[in-house]
Amino acid sequence: MSIATTFKSLCSLSTLASLLTILYMYSAVSNLYNLMHPLHSIDIENEYNANELIHPLWSKKKGAAPMSLSVYLSAEERFDVGYVVQNEEEDYNADKDRNSRSVLLWEEAFISSPSLSKSFILTTTNSKKSGNEENDDASFRYAEEWIKQAEEEAAEAAGGGLLAAVSSSSSGGIESTSVLLSLYNSVVKTLNKITSFFSSSETTTSSSESSSVTKEEKQPNIISLDPQGPIWSTFISNATALYIHVLITHNTKPLHSDTRYGASQLLRQTDANNDLLPVGSISLLKYTPPHHIAKPTRFLYLDLLYLCRKYMLADNAQEYPPWDTHYSDPVQHQHYQTAKLHQEEGIAHPYWKPEVSVKLVEDTQVYPIDLAHVSGMEFKRVHKTAQHPTGLAYLPSLYVQEIGLTSEKYIHVNDTVTSVPLRIGFDRSIDEDGSDGGLTPARW
């Protein structure tokens, strides 16, 4: 091959396209890295003096001051100081009504783990049954099954494996569309059932007792609500959203007070001491065109039987073919057609968000005062000390989200619903290098 031929092949259109693709990919990755690590090209130690640097206010080192977590369920979009009041005998009736519009779902006096989670069933039914009697309410049973499945998926994700890797990377999307992965999932679940059956039959009394204790610990917390009360009536009757409010404090126990005035003073003092993060909130209701009604089911064997009878046996007793769901399944057909019409017209239906993720974004990076804006953190004025020579410091960020919920996980809400599931996960980074979980500042 001559040099001219070689040069001509190198200058071909396909080679040029490959070079442009490589250049584009390099540019995209480089820009993304610069966005996530804006200070990577700056030598902070040599280019800045110590009195020009801003440090984090809350330390992540071992032995640092503890943090506490409080999670409230409310019918109000904005956090109110009345949520902190535990005994309102001295307050006015208006405060009592306001406090009845909120429920303290979860409280952790000391956050010692990088990941925590808790499951709840919000219900208006009588959830207290004697012995092994189960709640026969369909809505309550559905909420129980949803929580059980969510906990199993979380355990699989924590344990690793192929299915966990796929689920975590695609939020279940790939698994649902791949025949092989669906088959793998089915086989694994079947093997788990067989294993648990034989293991349960061979266990001793002591092991079965410990197993029952473990199962009890994994049971969801039942939150009984008055069906005529402000929270449930606002949620169901008016299709108005409920809200989750997350309160994180530092160097103090969870905030409680006997009066509204005391609660206001306590919150103000904690904030003045820079021991209170801005409240994180999220709505638990989403309005979107209907997607919960499936297309009427069509069975192949019924189609074949109809064709055999009509064309081979000349039996015309069945007037309409089974695939014409307008006659074979009129109720589901009507529901499906109505849903399609609402989708075309953009009519939104209310859907419950059954899972909430609380992320504490903690950073250990030291920022130059003239580049502090790239951090995205909230800055506080503090007394000038050796640790904070600029008189500025930054707090961690609290991020409450529902990322990871795909449309099929939302639960349609109507006036027949008596119970809804709710799973709340909390993640933070314990290690100083940020390697122990949670949402890293770069991703945030």
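All values derive from a computational prediction rather than experimental measurement. (Residues numbered from 1 in each chain as written. Predicted model: local features only at pLDDT ≥ 70, side-chain atom pairs only at ≥ 80, totals over all residues. Heavy atoms only, no water.)

## Topic: the overall build of the chain
To be explicit about the condition: Think of it this way: any DSSP run of H or I at least four residues long counts as a helix, any run of E at least two long counts as a strand, and we number them from the N terminus. Residue exposure (1.4 Å probe, protein chains only): buried if accessible area is under 20% of the type maximum, exposed if over 50%, otherwise partly exposed. Contacts are assigned to residue pairs that have any heavy atoms within 4.5 Å of one another. Every accessible area reported is derived by Shrake-Rupley at a probe size of 1.4 Å, with residue values counting cover from the shown protein chains alone.
A count of helical and extended segments in the chain gives 14 helices and 16 strands. A total of 444 residues make up the chain; the buried ones form 35% of that total. In the chain, the share of contacts with a sequence separation of at least 24, taken over all contacts with a separation of at least 6, comes to 79%. For the chain, the accessible area works out to roughly 27,000 Å², and carbon and sulfur atoms hold 54% of it.

## Observations concerning the pairing of strand 14 (residues 397-401)
The criterion, for reference: Two strands make a pair as long as DSSP finds a minimum of two bridges between them.
With four of its five residues buried, strand 14 lies for the most part within the structure. Pairing analysis gives five bridges linking strand 10 (residues 355-361) to strand 14, with the strands arranged antiparallel. By the bridge assignment for strand 14, Val361 is matched with Ser397.

## What about the pattern of salt bridges?
Any two side chains of opposite charge can pair, so long as their charged atoms come close to each other. Using the following cut-off: For this analysis, a salt bridge means a side-chain nitrogen from Lys or Arg found within 4 Å of a carboxyl oxygen belonging to Asp or Glu.
Tallied over the entire structure, the rule returns ten salt bridges. Across the salt bridge formed by Asp271 and Lys380, the nearest N and O atoms sit 3.7 Å from each other. Separated by 109 residues along the polypeptide, Asp271 in helix 11 (residues 260-272) and Lys380 in strand 12 (residues 378-381) bring together distant segments of the chain. Since its relative accessible area comes to 34%, Asp271 is described here as partly exposed. The salt bridge partner of Arg428 is Glu362, with a shortest N-O separation of 3.0 Å.

## Topic: the packing of aromatic side chains
Condition: Only Phe, Tyr and Trp rings take part, Trp by its six-membered ring, and two of them pair if their centres are within 6.5 Å. Stacked means planes under 30 degrees apart, edge-to-face means over 60, and tilted covers everything else.
Within the structure shown, the criterion is met by seven aromatic pairs. When the centroid spacing of 5.1 Å and the interplanar angle of 90° are considered together, the rings of Phe79 and Tyr83 count as edge-to-face. What makes Tyr83 buried here is its relative accessible area of 3%. With centroids separated by 5.6 Å and ring planes inclined at 75°, the aromatic side chains of Tyr367 and Tyr394 adopt a geometry described as edge-to-face. Of this pair, Tyr367 sits in strand 11 (residues 367-368) while Tyr394 sits in strand 13 (residues 392-395); the two residues are 27 residues apart in sequence, bridging distant segments of the chain. A residue is classified by how much of its surface remains accessible, and Tyr394, at 1% relative accessible area, is buried. Among the aromatic side chains, those forming a connected cluster through ring pairs are Tyr72, Phe79 and Tyr83.

## Let's talk about unusual backbone geometry
With the exception of glycine, the majority of residues adopt a negative phi angle, and the majority of peptide bonds are in the trans configuration. Unlike most non-glycine residues, Asn251 shows phi in positive territory, near 65°. As for its placement among the helices and strands, Asn251 is situated in the loop between strand 6 (243-250) and helix 11. The exposure class of Asn251 is partly exposed, given its relative accessible area of 49%.

## Notes on the sheet that holds strand 11
Strand order in this open sheet of four strands is 11-1-13-12, and the pairing throughout is mixed. Taken across any chain shown, the strands that pair with only one partner, and hence form the sheet edges, are strand 11 and strand 12.

## Notes on the sheet that holds strand 3 (residues 102-108)
Heads up, the rule is: With axes taken as lines fitted to C-alpha atoms, and helix axes fitted only over the stretch in contact, angles between N-to-C directions fall between 0 and 180 degrees.
Taken in spatial order, the four strands line up as 3-2-6-7 in an open sheet, and their pairing is antiparallel. Since the sheet does not close on itself, it has two edges, and those belong to strand 3 and strand 7 (280-283), each with one partner. Taken over all neighbouring pairs, the strand axes of this sheet differ in orientation by 15° on average, direction set aside. Bridge analysis of strand 2 (residues 67-74) against strand 6 gives eight bridges, and the strand direction is antiparallel.

## A few points about the side chain of Ser102
Within the element layout of this structure, Ser102 appears in strand 3. In this view, Ser102 contacts Leu73, Ser74, Tyr83 and Ile231; residues no more than four positions away in its chain are not counted.

## Regarding the nonpolar core
Here is a general trend for soluble globular proteins: nonpolar side chains tend to be buried in one another's company. To be explicit about the condition: As used in this record, nonpolar core signifies buried Ala, Val, Leu, Ile, Met, Phe, Trp, Tyr and Cys residues forming a set joined through side-chain atoms within 4.5 Å.
Counting residues in each nonpolar core, the largest one holds 47 residues, and the members touching the most others are Leu105, Leu122, Ile244, Ile248 and Trp352. If you tally residues by element for this core, the top one is helix 5 (residues 138-159), at five residues. In terms of nonpolar packing, the next biggest core, distinct from the first, is built from twelve residues, Ile44, Tyr48, Ile54 and Leu371 among them.

## Focus: the environment of Leu392
Locating Leu392 in the fold gives a position in strand 13. Given a relative accessible area of 18%, Leu392 falls into the buried group. With eleven residues separating them in the primary sequence, Leu392 and Arg381 have C-alpha atoms 4.7 Å apart. Excluding residues that lie within four positions of it along the chain, Leu392 makes contacts with Ile54, His55, Ile369, Lys380, Arg381 and Val382.

## A word on helix 14 (residues 330-345)
Residues three or four positions apart in an α-helix share a direction because the helix packs 3.6 residues into each turn. Where we set the bar: Expected span, for any helix, means 1.5 Å times one less than how many residues it has.
Taking 1.5 Å per residue as the helical rise, helix 14 with its 16 residues ought to reach 22 Å, and the 22 Å between its terminal C-alpha atoms agrees with that figure. When helix 14 is considered as a whole, its buried residues turn out to be His333, Tyr336, Ala339 and His342. Packing partners of the buried residues in helix 14 comprise helix 13 (325-328) and strand 9 (349-352). Looking one or two residues past helix 14, Gly346 carries a phi angle of roughly 75°, positive in sign.

## Quick look at the confidence of the model for the chain
Cut-off, in case you're wondering: pLDDT expresses, on a scale from 0 to 100, how confident the predictor is about each individual residue.
With 74% of its residues at a pLDDT of 70 or more, the chain shows a mean pLDDT of 76. Summarising per-element confidence for the chain, the mean pLDDT is lowest in helix 7 (residues 173-177) (40) and highest in strand 6 (93). Segment residues 202-217 is flagged for pLDDT under 50; beyond a separation of four residues in sequence, or across chains, it makes one contact in the model. Within the model, the stretch residues 432-437 combines pLDDT values under 50 with 14 contacts to residues more than four positions away or in other chains.

## A closer look at a nonpolar patch on the surface
So the rule is basically this: Residues enter a patch when their relative accessible area is above 30% and they make no salt bridge; the linking distance is 9 Å between like charges and 5 Å between nonpolar side chains (Val, Leu, Ile, Met, Phe, Trp, Tyr).
Where nonpolar side chains cluster on the molecular surface, the patch consists of Leu300, Leu304, Leu307, Tyr311, Met312, Leu313 and Trp323 and spans about 820 Å² of accessible area. Mapped onto the fold, Met312 is located in helix 12 (residues 300-312). We classify Met312 as exposed; its relative accessible area is 67%.

## A short note on the environment of Glu108
Here Glu108 is to be found in strand 3. Spatially, the C-alpha atoms of Glu108 and Lys253 are 8.9 Å apart, while their sequence positions differ by 145 residues.

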